[in-house]
Amino acid sequence: MSPSGSSGDVDFMRRALALAQRAREQHEVPVGAVVVQGGVVIGEGWNRPIACSDPTAHAEIVAMRAAASRLQNYRLGGATLYATLEPCAMCFGAALNARVSRVVFGAWDLKAGACGSVLDLPREAKLTHRIDVFGGVCSEECSQLLKSFFEARR
């Protein structure tokens, strides 16, 4: 999993960072996500498990739900999921089930990441769908937002 770094990836990651800031303002862990298909944002979200009393309301899930609703289709083939933090197993599993084509993330999650940090689901040979994964896009900004959030809570 290497950083993609194309200007389009950076632009969409910056949009995800703005959404992560909304999560922070709502006292949620600052993670944001956008789903893009054909160069157009079709879904976006930020962490909302506290506000929604829903442990599945991670930014990626919220964004994929919005995209699926917009398309009126649970399949998101050809779409890219941008997330400011490496997806966990639940979020990566949802991307697999939605048939997302690419996942691009910012900061590595050394506690729960499922794209190389703790687990490496993209390389699991037994899975029937493959997702191209690129980590480290805008990693400094993504990491700093999380670090400052947790420092303020201590």
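Residues numbered from 1 in each chain as written. Predicted model: local features only at pLDDT ≥ 70, side-chain atom pairs only at ≥ 80, totals over all residues. Heavy atoms only, no water.

Student: Is there a simple way to think about the overall build of the protein chain in this case?
Tutor: Of the regular secondary structure elements, the protein chain holds five helices and five strands. Starting at the N terminus, the α and β elements of the protein chain follow one another as α-β-β-α-α-β-α-β-β-α. Its C-alpha atoms give the protein chain a radius of gyration of 14 Å, within 12% of the compact-globule value 15 Å for 154 residues. In terms of principal-axis extent, the alpha carbons of the protein chain reach across some 40 × 30 × 30 Å. Out of the 154 residues in the protein chain, the part that is buried amounts to 45%. In the protein chain, of all internal contacts separated by at least 6 residues, the share reaching a separation of at least 24 is 60%. In the structure as shown, the protein chain presents an accessible area of about 7600 Å², 52% of it carried by carbon and sulfur atoms. Taking the 17 positively charged and 15 negatively charged side chains of the protein chain as two groups, their mean positions are separated by 4 Å. (Helix = DSSP H or I, 4+ residues; strand = E, 2+ residues; numbered from the N terminus. Rg over C-alpha atoms; globule rule 2.2 N^0.38 Å. Buried < 20%, exposed > 50% of the residue type's maximum accessible area, 1.4 Å probe, protein only. Contact = heavy atoms within 4.5 Å. Areas by Shrake-Rupley, 256 points an atom, 1.4 Å probe, with all protein chains shown as cover. Lys, Arg positive; Asp, Glu negative; His and termini not counted. Charge placed at Lys NZ, Arg CZ, Asp CG, Glu CD.)

Student: Explain helix 1 (residues 7-25) to me, please; I cannot follow it from the model alone.
Tutor: Compared with the 27 Å implied by 1.5 Å per residue over 19 residues, the 27 Å span of helix 1 between its first and last C-alpha is a close match. Of all the positions in helix 1, only Asp9, Val10, Phe12, Met13, Ala16, Leu17, Leu19, Ala20 and Ala23 are classed as buried. Among the residues trailing helix 1, His27 stands out with phi positive, at a value near 65°. (Expected span 1.5 Å × (residues − 1).)

Student: I would appreciate a short explanation of the pattern of salt bridges in the present structure.
Tutor: A side chain of one charge can pair with a side chain of the opposite charge when the charged atoms of the two come close. One pass over the full model with this rule turns up five salt bridges. Among the ionic pairs, Arg65 bridges to Asp54, the shortest N-O distance being 3.8 Å. Here Arg65, found in helix 3 (residues 59-71), pairs with Asp54, found in the loop between helix 2 (49-52) and helix 3; they are eleven residues apart in sequence, far enough to count as distant. Among the salt bridges present, the one from Asp120 reaches Arg123, with a minimum N-O distance of 3.6 Å. (Salt bridge = Lys/Arg side-chain N within 4 Å of Asp/Glu carboxyl O.)

Student: So what exactly am I meant to see when it comes to the sheet that holds strand 4 (residues 102-107) here?
Tutor: Either a parallel or an antiparallel arrangement is found when strands of a sheet pair, and the pairing is made through backbone hydrogen bonds. Spatially, 2-1-3-4-5 is the arrangement adopted by the five strands of the open sheet, whose pairing is mixed. In this open sheet, the two strands that pair with only one neighbour each are strand 2 (40-46) and strand 5 (132-135). For this sheet, the mean angle separating the axes of adjacent strands, direction not counted, is 15°. In terms of strand pairing, strand 3 (residues 79-85) meets strand 4 through five bridges, oriented parallel. Along strand 4, the bridge assignment pairs Thr80 with Arg102. Where helix 3 meets the sheet, its contacts fall on strand 1 (32-37), strand 2 and strand 3, and the angle it forms with strand 2 comes to roughly 140°. Contacts between helix 5 (residues 139-153) and the sheet are confined to strand 3 and strand 4, with strand 4 contributing the most and set at about 60° to the helix. (Pairing = 2+ DSSP bridges. Axes fitted to C-alpha atoms, helices over the stretch in contact; angles between N-to-C directions.)

Student: Looking at this model, I keep getting lost on the nonpolar core. Mind explaining?
Tutor: Side chains of a nonpolar character, in soluble globular proteins, are inclined to be buried together. One finds Met13, Val35, Met64, Leu76, Leu81, Val100 and Val103 to be the most contacted residues of the largest nonpolar core, which totals 46 residues. Residue assignment for this core shows that the elements contributing at least two residues are helix 1, strand 1, strand 2, helix 3, strand 3, helix 4 (89-98), strand 4 and helix 5. Here the element with the most residues in this core is helix 1; it accounts for eight residues. The contacts of Val35, once residues within four sequence positions are left out, are Val40, Val41, Ile42, Gly43, Ala63, Met64, Ala67, Leu76, Ala79, Thr80 and Leu81. (Core = buried A, V, L, I, M, F, W, Y, C linked by side-chain atoms within 4.5 Å.)

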